[in-house]
Amino acid sequence: MELNRDINVFGSAVMQHDGEMAELIRQYDWSKSPLGTPDTWPISLKTTLGLILHSAFPHFLFWGEELICFYNDAFLPSLGTNGKHPSIGKKGKEVWPEIWDFIGPLIHQVMKSGKPVQFNDQLVPFYRNGKIEDIYWTFCYSPAYGDDGNISGCFVTCTETTTKVQTIKKLTESEKRFQSLIREATVGIVVLTGEEMKVEIVNDAYGRLIGKTAEELLGRELFDVIPEVAYEFKPMLNNVRLTGEPVYLYHHPYTIKPGDKTIEGYLNVVYQPYREEDGSITGVMALCHDVTVQVASVKKAADTEQLLRSVVESAPFPIGVYTGKEMRILLANRSIMDVWGKGYDVIGKLYSDILPELSNQQIFQQLDGVYTQGIPFHARNQRVDLIVDEKLKIYYFNYSFTPLFDTDGNVFGVMNTAADVTDLNLAKQQVEQSEKNFRNMILQAPVAMCILLGPDHVIEVANQLIIELWGKPAEDIMHKPVFDALPDAREQGLEALLEKVYNEGESIHADEMPVSLLRFGKLETVYLNFVYDPYRDAEGNILGILAIAHDVTPQVMARHQIEDVVADRTKELAAANSSLEKSNEELAQFAYIASHDLQEPVRKVSVFTQMLESNLPALDERSQHYVDRIKLASSRMLALIRDVLSYSQLSGKADEPVNVDLNLVIRDIENDFELLMQQKHAKLEYHGLPTLSAIPLHMSQLFGNLISNALKFTRKQVEPIIIISSELADRNLLASRELSGESYHHITVNDNGIGFSEEDAEKIFNIFQRLNGKRDFEGTGIGLAMCRKIAQNHKGDIFATSKEGEGATFHILLPAQ
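Residues numbered from 1 in each chain as written. Predicted model: local features only at pLDDT ≥ 70, side-chain atom pairs only at ≥ 80, totals over all residues. Heavy atoms only, no water.

1. Here's the deal with the overall build of the protein
Working step 1: Helix and strand counts for the protein come out as 27 helices and 27 strands.
Working step 2: Scored against the burial criterion, the 817 residues of the protein give a buried share of 43%.
Working step 3: Put simply, of all contacts in the protein between residues at least 6 apart along the chain, 54% involve residues at least 24 apart.
Working step 4: Accessible surface, the protein: about 43600 Å² in total, of which carbon and sulfur atoms supply 52%. (Helix = DSSP H or I, 4+ residues; strand = E, 2+ residues; numbered from the N terminus. Buried < 20%, exposed > 50% of the residue type's maximum accessible area, 1.4 Å probe, protein only. Contact = heavy atoms within 4.5 Å. Areas by Shrake-Rupley, 256 points an atom, 1.4 Å probe, with all protein chains shown as cover.)

This is the structure we're talking about:
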């Protein structure tokens, strides 16, 4: 009977909660909420809230179309001092506006797809403590189902891992094991709600007992799945639900027939009432432990208490249960005994006898306060000295003492849960020592250095070199805002630089910056090379600025003297350049005007010649020859004028460059030359050409002229082949062409035409330069000159290689950036 009492009150304690958030939910005015009052809430919402509020880990729930917020006491420390608490009953978008763009789509995705989304150590900038902080979380967004089996909300399991990520990653696995405790428990667990015994919560272990998966069971009536045992178990479960009296079955035989197979065995089963926050019973929770092997081997199976002990024992974190005011150890799992350095013989003994070294560490008093007052106690990063292997060792724990209540509401014991954070705290101590070493390094550094803390840039650490640079006694400047200590440094641009580094976290470098300082009673201008770096704590938060300075005043003054000597010569050169530029501009304008004005007369000569030819009677052969010569000459003249006009326009103001895909440029040119290529049976191959910043028209002119030349200067009886390819240019090639950029595209246009002599490789790019007679090949001698002008205007270059009679290759170098 005493054993049954302990089990009963232990189970009841799990189902009750007097936490802060539970009280806020009860006090909140739900009359205006889209959810209605709690007595109208669906069972699923109440059930889920019951699980959340009883959890020692942070949980959050978004429920309904408005995504109304709920969370538990364990989540409160993560809120900081941002003034948002409490947020119970508010819409999610109102509670978390700073991160809603991130979490909002996740919530809707989970509620729409029914598939959970999990992130480990995810960076989520979070507003708390009056500012946006970089917070790391391990969280899982899971669908929360309503009474009708449809998704009614999003269940968030979250653990802040900021400190762990930035200091040590050892605690990650422990957090994951804790969150998966129920899901991966070897004991079958199922929660059934309502008279119809609908499966509300179930784990895989229970599903395996009856030959089903957890997904196949959720939301279904249990005895629709296993009707063969309904006559025996359904009345028993309904009695537990109606009376609130638990039922314990020991070595109970069962037979399940899923499909065409039969499962037989023995179970230890606990059926206990499943209660909501208000204490009302809405269902039954069943714990099922398969003891078939133990029964078959004639071993004495564990009783129901042992079943509960096995759940505690399997937990990956320390758990202990102490009863009575004297704190007698009722339960202790392997994890907590490993921490104590003890064996299983501690069960039944007094906590104070097992750990006497805690008598002067306030822990006994904390336990007594929880037992007497019924109020939980939580400690974080608490130092605890334990004797392990006969040696006193220092540990650090996050631990909780939770009161356990019996059915009458009286405290009968205390549950102790803990997490070993020794490594984390030792890491913090190492960081603090590193900070001390860093400050000493600054004081002893061979260059001028200081640390400025906070938004006012208070001088926290400064070595002797920077104090001498400032020219003031150390006692007049230390631990003051830098511009209070150095008012003479104000309004010289330094304020903006410091603010940028402190607020944006970006380093700033400056060379030879002039700064006027009142040094040793005299106003002087010094020139400084300096670096401002953000100074951060172990979590990456910006605390201030690390400043490093070097006085380069002597070097700057010497260079100024040299610059004064050069200045006069520079003015003379600038005047000459200005005159030359003006002359070039006038020449380009003249070429444009001349070419433009000549087009109309030449066009009229061509038109009138055609009109004369059509109006005259049949011409004799000699007259017709003269007319043909006039037409040919005027056509060549018109082409020449147009090419000169195009060439002159290259020197004018160009369009803004845009991203140009050369593959598309070549494709358009290929379409323009389609008829000519068909006549000559020519092939054009190109692939892998880059996209670069250029003027589209100029790229069309550049590659159009090169392809036109390749189709023009062909060999007889040889079908033209033109191949265009690209690669990144090597540094030797760039150096040979006197190009200083970091990265260039090397684009080649290769043909199998008549080629040219190597001695003419540069000559062909001169304007009006022709290597072949007008009778053999048409042209004005301007096309390649335009190609070079376009390449140079794009800060690139072009050159050609060839062997006469073996084709030619044109090499184009254009910046990759």
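2. Let's talk about the sheet that holds strand β11 (residues 319-323)
Working step 1: Pairing is antiparallel in the open sheet, where five strands are placed in the order β12-β11-β15-β14-β13. On the outer flanks of this sheet lie β12 (328-332) and β13 (377-388), each paired with one strand and no other. Neighbouring strand axes in the sheet, compared pairwise and without regard to direction, differ in orientation by 35° on average.
Working step 2: As paired elements, β13 and strand β14 (residues 391-405) share 10 bridges and run antiparallel to each other. Considered in β14, the bridge of Ala379 is made with Tyr399.
Working step 3: Against the sheet, helix α16 (residues 363-373) contacts β11, β13, β14 and β15 (411-420), and its axis sits at roughly 5° relative to β14. (Pairing = 2+ DSSP bridges. Axes fitted to C-alpha atoms, helices over the stretch in contact; angles between N-to-C directions.)

3. Some points on the packing of helix α25 (residues 696-712) against helix α27 (residues 783-793)
When two helices pack together, their arrangement is given by the angle between the helix axes and by the axis-to-axis distance.
Working step 1: The contact between α25 and α27 brings their axes to 9 Å, and the two run at 145°. The handedness of the crossing between α25 and α27 is left-handed. Of the residues in α27, those touching α25 at His698, Met699, Gln701, Leu702, Asn705, Leu706 and Asn709 are Gly783, Leu784, Met786, Cys787 and Ile790.
Working step 2: Partitioned by chemical class, the residues of the contact of α25 with α27 number seven nonpolar, five polar and no charged. (Left-handed = near helix turned anticlockwise from the far one by under 90°. Nonpolar A, V, L, I, M, F, W, Y, C, P; charged D, E, K, R; others polar.)

4. Details of α25
Working step 1: With 17 residues, α25 extends 24 Å from end C-alpha to end C-alpha; this agrees with the ideal 24 Å at 1.5 Å per step.
Working step 2: What α25 keeps buried is the set His698, Met699, Leu702, Phe703, Gly704, Leu706, Ile707, Asn709, Ala710 and Leu711. (Expected span 1.5 Å × (residues − 1).)

5. As for the sheet that holds strand β7 (residues 198-202)
Working step 1: One open sheet accounts for five strands, arranged β7-β6-β10-β9-β8; its pairing is antiparallel. Edge positions in the sheet fall to β7 and β8 (247-256), since each has one partner strand and no second. Averaged over all pairs of adjacent strands, the angle between strand axes in this sheet comes to 35°, irrespective of strand direction.
Working step 2: Of the pairings in the sheet, the one linking strand β6 (residues 188-193) to β7 comprises four bridges and is antiparallel in character. The residue bridging Thr193 from the neighbouring strand is Lys198, located in β7.

6. What to know about a negative patch on the surface
Working step 1: Together, Asp147, Asp148, Glu195 and Glu196 make up a negatively charged patch on the protein surface.
Working step 2: Mapping Asp148 onto the fold places it in the loop between β4 (131-145) and β5 (151-160).
Working step 3: Judged by its relative accessible area of 55%, Asp148 falls in the exposed class. (Patch = residues over 30% accessible without salt bridge, like charges linked within 9 Å, V, L, I, M, F, W, Y side chains within 5 Å. Salt bridge = Lys/Arg side-chain N within 4 Å of Asp/Glu carboxyl O. Lys, Arg positive; Asp, Glu negative; His and termini not counted. Charge placed at Lys NZ, Arg CZ, Asp CG, Glu CD.)

7. Some details on the packing of aromatic side chains
Working step 1: Tallied over the full model, the rule gives 26 aromatic pairs.
Working step 2: Judged by centre distance (5.4 Å) and plane angle (75°), the rings of Phe60 and Phe75 are edge-to-face. In this pair, Phe60 sits in strand β1 (residues 59-63) while Phe75 sits in the loop between β2 (68-71) and α4 (92-95), placing the two residues 15 residues apart along the sequence. Neither residue differs from the other here; Phe60 and Phe75 are each classed as buried.
Working step 3: Relative to Phe139, the ring of Phe102 has its centre 6.4 Å away and its plane inclined at 85°; by these criteria the two rings are edge-to-face. Of the two residues, Phe102 sits in helix α5 (residues 100-113) while Phe139 sits in strand β4, which places them 37 residues apart along the sequence.
Working step 4: Here Phe102 falls in the partly exposed class, since its relative accessible area comes to 30%.
Working step 5: Residue Phe139 is classed as buried on the basis of its relative accessible area of 5%. (Phe/Tyr/Trp six-rings, centres within 6.5 Å; stacked < 30°, edge-to-face > 60°.)

8. Overview of the pattern of salt bridges
Working step 1: According to the stated counting rule, one finds 15 salt bridges in the structure shown.
Working step 2: Measuring nitrogen to oxygen at the nearest pair gives 3.3 Å for the salt bridge that ties Lys91 to Glu66. Taken as a pair, Lys91 in the loop between β2 and α4 and Glu66 in the loop between β1 and β2 lie far apart in primary sequence, 25 residues in all.
Working step 3: Look at Lys91 and you get partly exposed, because its relative accessible area is 34%.
Working step 4: In this structure, Arg334 and Asp338 form a salt bridge, with 3.0 Å as the shortest nitrogen-oxygen distance. Taken together, the residues Arg334 and Asp338, both in helix α14 (residues 334-340) and four residues apart, mark about one turn of the helix.
Working step 5: Here Arg334 falls in the partly exposed class, since its relative accessible area comes to 27%.
Working step 6: Looking at Asp338, the relative accessible area reads 47%, which means it is partly exposed.
Working step 7: Each of Arg737, Glu762, Arg788 and Asp797 takes part in salt bridges that share partners, so that together they form one network.

9. Brief notes about helix α3 (residues 43-53)
Working step 1: The element α3 is extensively covered by neighbouring structure, given that nine of its 11 residues are classed as buried.
Working step 2: Listed as buried for α3 are Ser44, Leu45, Lys46, Thr47, Thr48, Leu49, Gly50, Ile52 and Leu53.

10. Some points on the environment of Gly454
Working step 1: Position of Gly454 among the secondary structure elements: in the loop between β16 (448-453) and β17 (458-462).
Working step 2: We classify Gly454 as buried; its relative accessible area is 15%.
Working step 3: Here the alpha-carbon distance between Gly454 and Ile542, two residues 88 residues apart in the chain, equals 8.5 Å.
Working step 4: Excluding its chain neighbours within four sequence positions, the residues that come into contact with Gly454 are Tyr502, Leu543 and Gly544.

11. A short note on a nonpolar patch on the surface
Working step 1: Together, Ile562, Val565 and Val566 line one region of the surface with nonpolar side chains, adding up to about 290 Å² of accessible area.
Working step 2: Relative to the helices and strands, Val566 is located in helix α21 (residues 553-615).

12. Re the packing of helix α23 (residues 662-672) against α25
Working step 1: Relative to each other, α23 and α25 sit at 50°, their axes nearing to 10 Å. Between α23 and α25, the crossing angle belongs to the class labelled oblique. α23 and α25 meet at a crossing whose hand is right-handed. When α23 is examined against α25, the residues Leu662, Val665, Ile666 and Ile669 are found in contact with a partner set consisting of Met699, Ser700, Phe703, Gly704 and Ile707. (Parallel < 35°, antiparallel > 145°, perpendicular 65-115°, else oblique.)

13. Digging into the confidence of the model for the protein
Working step 1: Of all residues in the protein, 82% have pLDDT values of 70 or greater, and the mean over the chain is 80.
Working step 2: Within the model, pLDDT remains below 50 along residues 1-15, and this stretch shows 33 contacts once partners closer than five positions in the same chain are excluded.
Working step 3: In this model, residues 298-304 is a region of pLDDT below 50 whose contacts with residues beyond four sequence positions or in other chains number 16 contacts. (pLDDT = per-residue confidence, 0-100.)

14. Considering the pairing of β4
Working step 1: Strand direction decides the pairing type here: strand β3 (residues 117-128) and β4, joined by 10 bridges, are antiparallel. By the bridge assignment, Leu123 is partnered in β4 with Tyr136.
Working step 2: The hairpin turn running from β3 into β4, its antiparallel successor, is two residues long, and Asn129 in that turn takes a positive phi close to 55°.
Working step 3: Relative to β5, β4 runs antiparallel, the two being bridged by nine bridges. Of the residues in β5, the one forming a bridge with Thr138 is Thr159.
Working step 4: Here β4 folds back onto β5 in antiparallel fashion, the turn holding five residues, of which Gly149 has a positive phi close to 85°.

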